[in-house]
Amino acid sequence: MSDTIVGAFNRRDFVRASMSAAALAALPASMLAAAEAEADKAAVLAQIPKMHAENIRRLQEWIALPSIAAENRNYPQGPEYMAQLARAAGFTGVKLVPTSGKPGVFGRLDAGAPTTVGIYFMYDVKQFVPEEWSSPPLEGRLVQKAGLGTVCMGRGAVNQKGPENSFLSALMAFKSASRKLPVNLVLVCEGEEEIASPHFSQIVMDPQVLAELKKCNGVWMPEAAQDRDGGVQVNLGAKGVVELELVSSGEKWGRGPKHDIHSSLEAAVDSPSWHLVQALNTLVEKDGHTPAVEGFYDKVRPLTAQQKKMIEDYAAKLKAHLAKHGFSDVEVNMSGGYDPTQTDPDSRLIQTQLATYRHLGAEPLLWPRLGGSWPGCVFTGPPLSLPAGHFGMGHGTGAHAPDEYYLIESTNPKVQGLDGAVASFVEYLYALA
């Protein structure tokens with residue numbers, strides 16, 4: 001062979017490369033596969049900084065389209081947009097799943113891998129009052145936050161579009177690097193989480209969706225798990241929730257007006273509004289926090305085989321409580337709810353989360369249940385009985401409140417901004433494999 005350049009190598013480089021290739025070939029198959037996976041992961045991670053501006057733009061565009069189930073706002077635009085995002089990230093067979101309420105979104109990403117994992121998304125957001133915000137809630141502006149850095153402020157920024165967009169960005173980094181995912185994914189997404197997921201079980205029980213979820217070894221939801229100081233908490237479960245409406249009317253009460261009247265007549269006519277306030281006052285103790293509904297805690301521990309009817313039973317208890325205190329005329333209309341969740345700390349899903357956080361330099365706190373709620377019971381309960389949880393580096397707060405934000409550029413090296421959050425999902429996917 002001459003000393004002419006062969007491709008990008010001269011003779012010396014060619015010999016070194018050949019020796020390296022020979023050394024790799026001599027490795028056991030498991031070590032060789034691990035080395036190839038590390039090389040693939042490095043190639044994917046290298047794409048993330050290049051996609052930074054595009055990932056911000058996608059988040060801002062998604063924030064500009066709020067789907068609010070309580071207001072019947074942006075349906076079917078919301079689920080259709082979610083389906084577009086899923087397709088762009090590489091999911092195939094994406095379809096809207098009809099329910100008695102708002103539709104869900106389903107899709108698969110088949111990488112030909114031996115491991116399959118489920119991903120839970122929500123595309124809806126909470127209501128908002130623009131006048132209460134320091135930045136327009138649908139613009140997703142980049143603003144400076146003292147002690148944190150640059151944040152994207154808008155409704156849904158952290159709950160849940162920011163973390164979900166970061167996960168989609170991770171999938172797009174795989175596409176940009178022309179690398180296959182190390183695991184297969186099954187996406188299930190709903191549009192009624194903020195009204196207590198009244199129809200989510202219909203999405204999961206769709207025959208095609210259920211069949212794909214049965215292939216999964218667990219289900220998780222992207223989140224921004226870090227607090228302002230960089231700490232991380234891994235939660236093994238969540239509370240159940242019930243959403244209901246109390247209606248007080250003069251007609252059913254038998255006192256007050258049967259139709260709208262001028263407020264000047266309040267001096268002479270009983271008020272259903274104050275009647276409702278008095279009814280609400282009986283629901284809690286004097287501390288304003290402790291539930292005063294008789295039997296409210298009866299079935300909290302242990303969880304029984306009748307879990308699915310537990311929330312409905314509590315709403316029966318609520319009616320009985322109101323009747324006992326003289327408010328039997330107040331209607332109780334249950335609109336949503338679900339059971340609590342619990343996942344084994346020794347499950348592979350949770351142990352992989354803990355290991356990945358430690359690999360990324362964060363020592364996680366293992367916690368029995370988070371203070372909030374999510375409909376993970378449809379995954380942890382029969383017929384799936386899968387471990388379920390949350391994962392994701394990054395920071396944000398203000399869910400359900402004005403000035404909700406998601407951290408984009410962090411000034412604290414212990415807290416990850418957008419790129420670090422995206423990278424954490426790449427790391428977790430490889431760890432799950």
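The notes below deal with the structure included here. (Residues numbered from 1 in each chain as written. Predicted model: local features only at pLDDT ≥ 70, side-chain atom pairs only at ≥ 80, totals over all residues. Heavy atoms only, no water.)

1. Topic: the environment of His390
Examined against the element boundaries, His390 turns out to sit in strand β15 (residues 388–391). When the C-alpha positions of His390 and Leu236 are compared, they lie 9.0 Å apart, and in sequence the two are 154 residues distant. (Helix = DSSP H or I, 4+ residues; strand = E, 2+ residues; numbered from the N terminus.)

2. So, the sheet that holds strand β4 (residues 141–145)
Whether parallel or antiparallel, the strands of a sheet pair through hydrogen bonds between backbone atoms. Taken in spatial order, the 4 strands line up as β4-β5-β17-β16 in an open sheet, and their pairing is antiparallel. The open sheet is flanked by β4 and β16 (396–397), the only strands paired with a single partner. In this sheet, strand β17 (residues 405–410) lies alongside β16 in antiparallel orientation, the contact comprising 2 bridges. Bridge assignment links Gly396 to a residue of β17, and that residue is Tyr406. Across the sheet, helix α5 (residues 157–176) lies against β5 (149–153), β16 and β17, angled at about 45° from β17, the strand it touches most. (Pairing = 2+ DSSP bridges. Contact = heavy atoms within 4.5 Å. Axes fitted to C-alpha atoms, helices over the stretch in contact; angles between N-to-C directions.)

3. As for the sheet that holds strand β14 (residues 370–373)
Read from one edge to the other, the open sheet built from 3 strands follows the order β12-β9-β14, with strand pairing classed as mixed. The open sheet terminates on both sides in strands that have one partner only, identified here as β12 (341–342) and β14. In this sheet, β14 lies alongside strand β9 (residues 237–239) in parallel orientation, the contact comprising 2 bridges. The residue of β14 that forms the bridge with Ala238 is Leu370.

4. Re helix α11 (residues 348–359)
Because each turn of an α-helix spans 3.6 residues, side chains separated by three or four positions in sequence point in the same direction. Relative to the 16 Å expected for 12 residues at 1.5 Å per residue, α11 spans 16 Å between its end C-alpha atoms, a close match to the ideal helical length. All buried positions along α11 are accounted for by Leu349, Ile350, Thr352, Gln353, Leu354, Thr356 and Tyr357. Among the residues trailing α11, Gly361 stands out with phi positive, at a value near 90°. (Expected span 1.5 Å × (residues − 1). Buried < 20%, exposed > 50% of the residue type's maximum accessible area, 1.4 Å probe, protein only.)

5. Examining the nonpolar core
Phe91, Phe167, Leu171, Leu185, Trp220, Tyr406 and Leu429 are the most contacted members of the largest nonpolar core, which totals 67 residues. At 10 residues, helix α13 (residues 418–432) tops the list of elements feeding residues into this core. One finds Phe106, Met122, Leu210 and Ala388 within the second-largest nonpolar core, a separate group that totals 25 residues. (Core = buried A, V, L, I, M, F, W, Y, C linked by side-chain atoms within 4.5 Å.)

6. Quick word on unusual backbone geometry
Omega for the peptide link from Tyr75 to Pro76 comes to 15°, which places this bond in the cis form. Along the chain, Pro76 turns up in the loop between α3 (52–63) and α4 (77–88). In this chain, Asn159 is followed by Gln160 through a cis amide linkage whose omega measures 5°. The topology assignment puts Gln160 in helix α5. Positive phi, close to 55°, is recorded for Ser178, a residue that is not glycine. Take Ser178: it is sitting in the loop between α5 and β6 (184–190). On the accessibility criterion, Ser178 (64% relative accessible area) is exposed.

7. Comments concerning the pairing of β6
When you tally the buried positions in β6, you get 7 out of 7 residues, the bulk of the element. Across 5 bridges, the pairing between strand β2 (residues 104–109) and β6 is antiparallel. Paired with Phe106 across the two strands is Val188, which belongs to β6.

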